[in-house]
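Below, each chain spelled out in residue letters.
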Amino acid sequence: MNDFKERIAAELIAVRDRSLAYTEADEDLLVRQHSPLMSPLVWDLAHVGNYEELWVLREAAGIDPVRPEIDDIYDAFKTPRKDRPSLPFLGPAEARRYIEGVRGRVLDVLDRIDLENASPLHRDGFVFGLVIQHEHQHDETMLATLQLSGQPGLVRDGALPPGRDAGPEEVYVPAGGFLMGTDTTPWAYDNERPAHWVDLPGYWIDRLPVGNRAYAAFIEDGGYDDPRWWTPEGWHWRQSTGATTPLFWENDGRSWWRTRFGRTEPIPMDEPVQHVCWYEADAYARWAGKRLPTEAEWEKACGWDPYERRARRYPWGEADPGPSLANLGHRAARPAPLGAYPGGASAYGAEQMVGDVWEWTGSWFHPYPGFRSFPYKEYSEVFFGQEYRVLRGGSWAADPAAVRTTFRNWDYPIRRQIFTGFRCARSELV
Ligand SMILES: [Fe+2]
């Protein structure tokens, strides 16, 4: 195998180790549904193998199906998450056997496949990038399921750099054009393409994500009881759910606590707020006299290099996201303290834009001008419209393979079991 193939093989092995680590648990925990929002963990596990079979073995290599009879069970479009517990899905031992069998064949295919081939599925190893990113995304989903399960002792925590309390509250991004999206990043998804110029007026954006201290001030100021800060849909969400805090938060009358992977702990006030839905983020921003950044504002502040006039892969440049640059890839099971990554700042001085928490933007999920669906419509195209809000930047639970300045994630504005936070922006006063 050449170096590039070796790298792909290493990524395949790393992501599988991760999936297996998250499913090293009792059978009951794996087959049970912990929330109607999530699949049973063992469904995710076999689904990633089935997806790999579909795309690498059948589509890219033309190999006959290994187990065609289970395709329907693992088709995410056929059965919504809430109904998946009633599917005849494979049990843990069989699921592990199945994905291991698929993986063996996938490594054989990698060995003999021509990655210079003109087919867009083969070129630059796209199909391997597809399944690697897909599996990492399911691993992040599994972490959200494990958080909802409330079961302690299953998720590894770790050390992170200390925060620092220095620097301006906001950074300024001067008016001008920038190149949004990409034509050249090899494993970029269809929704990140094509690259296109976007002109923006000048604006301010928070240097850091909104922290727990600031968010608690919003709550203590009656933010959840004042319809002035909420959109009509947001206020409806607030009234119908009765929510008065981010998910997993509690107040015992004296201080704030949170439950994180089955353990209750004081809320670290210097961490980015996590587990807020779009409506909460939007209401906070209005209370703070600001707004959520648009997706374009977010991407320019994160990835544009105004000196070189080109987009960077990461806020700091092209270097891989080492532990001093960003909190990605489940180094610890939480966001890092605010200010922990001065070296990871963008050209405009915005920090912690990748890693820590997915950041809600003010934008709906829409195609870029010239969008072409690839390799299938259900990846992005069916989600476009005014139903999903765009999230950017990746969380502590996202892997570097599935995070870049152009990467787009999307979800319903009510969702908050995912590792989401936000930062605010405001237009330049004229
Ligand atoms: Fe999937």
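Each value, and the rule that gives it
Residues numbered from 1 in each chain as written. Predicted model: local features only at pLDDT ≥ 70, side-chain atom pairs only at ≥ 80, totals over all residues. Heavy atoms only, no water. UniProt positions renumbered as here; feature names shortened; annotations may be inferred. Pairing = 2+ DSSP bridges. Helix = DSSP H or I, 4+ residues; strand = E, 2+ residues; numbered from the N terminus. Axes fitted to C-alpha atoms, helices over the stretch in contact; angles between N-to-C directions. Donors = N, O, S within 2.8 Å, 3.2 Å for Na, K, Ca; no water. Buried < 20%, exposed > 50% of the residue type's maximum accessible area, 1.4 Å probe, protein only.

For the protein, an unreviewed UniProt entry supplies the name Hercynine oxygenase and the organism Nonomuraea terrae. A UniProt comment under Pathway (unreviewed entry) is attached to the protein, and it reads "Amino-acid biosynthesis; ergothioneine biosynthesis."

Trainee: In this structure, what is going on with the sheet that holds strand S5 (residues 249–251)? I would like to understand it.
Mentor: Through backbone hydrogen bonds, the strands of a sheet pair up, either in parallel or in antiparallel fashion. Read across the open sheet, the three strands follow the order S5-S6-S7; overall the sheet is antiparallel. For this open sheet the edge positions go to S5 and strand S7 (263–266), each flanked by a neighbour on one side alone. Averaged over all pairs of adjacent strands, the angle between their axes in this sheet comes to 30 degrees, without regard to strand direction. Where S5 meets strand S6 (residues 256–260), three bridges bridge the pair, whose relative direction is antiparallel. Within S6, the residue paired with Glu250 across the bridge is Trp257.

Trainee: Hey, could you run me through the coordination of the iron ion in this one?
Mentor: Each donor-metal-donor angle would ideally measure 109.5 degrees in four-coordinate tetrahedral geometry, or 90 or 180 degrees in six-coordinate octahedral geometry. The iron ion binds to the protein through His47 (NE2), His134 (NE2) and His138 (NE2), with metal-donor distances spanning 2.2 Å. Summarised as a motif, the one-chain spacing of the donors to the iron ion is H-x86-H-x3-H. Here His47, found in helix H3 (residues 41–60), pairs with His134, found in helix H5 (residues 126–149); they are 87 residues apart in sequence, far enough to count as distant. Residue classification places His47 among the buried residues on the basis of a relative accessible area of 6%.

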